[in-house]
Amino acid sequence: MSTVGLVDAGGANLGSVRYALERLQVDVRMVREARDLESLERVILPGVGAAAEGMKRLHAQGLVEPLRQLQVPLMGICLGMQLLFERSEEGNVECLGLLPGIVRRLHPGVGVRVPHMGWNKLLALRESPLLDGVPVGSSAYFVHSYAAPVTSDTVAACHHGGLFTAVVQRDRLCGAQFHPERSAGPGARILRNFLEIATQ
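Residues numbered from 1 in each chain as written. Predicted model: local features only at pLDDT ≥ 70, side-chain atom pairs only at ≥ 80, totals over all residues. Heavy atoms only, no water.

Novice: Honestly, the overall build of the protein in this entry has me stumped. Any pointers?
Specialist: If you tally the helices and strands in the protein, you get five helices and 14 strands. Against the 2.2 N^0.38 benchmark of 16 Å for 200 residues, the protein shows a C-alpha radius of gyration of 15 Å, consistent with a compact globule. Once the C-alpha set of the protein is aligned to its principal axes, its extents read approximately 50 × 35 × 30 Å. Considering the protein as a whole, with its 200 residues, one finds that 55% of them fall into the buried category. At a minimum sequence separation of 6, the contacts of the protein that also span at least 24 residues come to 68%. Where the 20 positive side-chain charges of the protein centre and where its 19 negative ones centre are 5 Å apart. (Helix = DSSP H or I, 4+ residues; strand = E, 2+ residues; numbered from the N terminus. Rg over C-alpha atoms; globule rule 2.2 N^0.38 Å. Buried < 20%, exposed > 50% of the residue type's maximum accessible area, 1.4 Å probe, protein only. Contact = heavy atoms within 4.5 Å. Lys, Arg positive; Asp, Glu negative; His and termini not counted. Charge placed at Lys NZ, Arg CZ, Asp CG, Glu CD.)

Novice: Help me out: how do you make sense of the sheet that holds strand E11 (residues 146-147) in this one?
Specialist: Strand-to-strand pairing in sheets goes through backbone hydrogen bonds, with the strands running parallel or antiparallel. Taken in spatial order, the four strands make up an open sheet running E6-E5-E7-E11, and their pairing is mixed. Both outer strands of the open sheet, strand E6 (93-94) and E11, are each paired with one neighbouring strand and no more. (Pairing = 2+ DSSP bridges.)

Novice: Where do I start with the side chain of aspartate 153 in this structure?
Specialist: The residue aspartate 153 is located in the loop between E11 and strand E12 (154-159) in this model. By relative accessible area, aspartate 153 is classed as buried at 7%. Filtering out sequence-adjacent residues up to four positions away, aspartate 153 remains in contact with Leu99, Pro100, Arg126, Val167, Val168, Gln169 and Arg170.

Novice: Explanation requested: unusual backbone geometry in the structure shown.
Specialist: Geometrically, the link from valine 114 to proline 115 is a cis peptide bond, its omega value of 10 degrees lying close to zero. Turning to its location among the elements, proline 115 is positioned in the loop between strand E7 (99-105) and strand E8 (116-121). With phi around 60 degrees, glutamine 25 is a residue other than glycine that occupies positive phi space. Position of glutamine 25 relative to the elements: it lies in the loop between helix H1 (14-23) and strand E2 (27-31). Of the residues examined, glutamine 25 reaches a relative accessible area of 69% and is grouped as exposed. In this structure, aspartate 171 is a non-glycine residue whose phi angle is positive, near 55 degrees. Position of aspartate 171 relative to the elements: it lies in the loop between strand E13 (163-170) and strand E14 (173-176).

Novice: I tried to follow the pattern of salt bridges on my own but got confused; where do I start?
Specialist: It is possible for side chains bearing opposite charge to pair when their charged atoms get close. The full count for this structure, using the stated rule, is eight salt bridges. Ionic pairing is found between arginine 35 and glutamate 33, a salt bridge with its closest N-O pair at 2.8 Å. According to the relative accessible area criterion, arginine 35 is exposed, its value standing at 57%. Under the relative-accessibility criterion, glutamate 33 is labelled partly exposed at 32%. We note a salt bridge from glutamate 89 to arginine 104, for which the minimum N-O separation is 2.7 Å. Within this pair, whereas glutamate 89 is found in the loop between strand E5 (85-88) and E6, its partner arginine 104 is found in strand E7, the two being separated by 15 residues in sequence. Overall, the relative accessible area of 42% leaves arginine 104 in the partly exposed class. One salt-bridge network, in which partners are shared between bridges, spans Asp8, Arg32 and Arg57. (Salt bridge = Lys/Arg side-chain N within 4 Å of Asp/Glu carboxyl O.)

Novice: Is there a simple way to explain the nonpolar core in this structure?
Specialist: Where a protein is soluble and globular, its nonpolar side chains tend to be buried together. In this structure, Leu6, Leu21, Ile44, Met75, Phe142, Phe178 and Phe194 are the most contacted members of the largest nonpolar core, which totals 36 residues. When neighbours within four sequence positions are excluded, phenylalanine 142 is seen to be in contact with His116, Met117, Gly118, Asn120, Leu122, Cys158, Phe164, Ala166, Gln177 and Phe178. Val43, Cys95, Tyr146 and Ala148 belong to the second-largest nonpolar core, a separate cluster that totals 31 residues. (Core = buried A, V, L, I, M, F, W, Y, C linked by side-chain atoms within 4.5 Å.)

Here you go:
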C-alpha cells in the first residue's frame, strides 16, 4: 500500500483518521509543510472546526498553493471537504477553490437541529469508485453546521433540512462531509476505495 499524507490542519479528528488508516495497514506521513507533500501518492485533508481557522492554519503552514497544485488524489474529510470548495459562509472565507460551490450554514427548523450530529442515510446520486461495495441505504456519522451544495460533482447527498453534499468526487478530488473514521463498515470501505483510486 502506498504512503498517504495526512495534513495536520489542527482538527480534533486527526488522530482518529490516522488510526483508521493504520487499521487499513496504510503507511501514514504527517504533512505540516509543503516539503512533506513530496513523493506522496495521495493526500487526506481532515478537519474539525471553523473554515476561517482552517484556512488560516493552511496559509500559515504554506500549504494553500501546494494543495491547489497537487497532482495526486486528494480527499477532504468533514471541514477538509468544505475547504475544497470556493468559499465558506463561515467567516466569509476564500477556500481552496478546487471545486465549484459555496459552503453555507444548515438551516434549523422543526425537527432539524443545527449542528447536524449523528447517523444519517447516504443517498447515492451517481456511480463513483468511492461508493464501490458500500450497500445502498448505508448511514454515516455527521457532525457539522455548514455544508456544501449538491452539484454535478456530488456522488451522494444527505437530507437534513434540505439536501447537501455528503460525498463528492471530481476526478482525483474526493470528499466526505461525514466522518468515515467513525462510520463503521461503510466509512472504512469509502476510505479503502479512496486508497485504491488510480494516481494518474
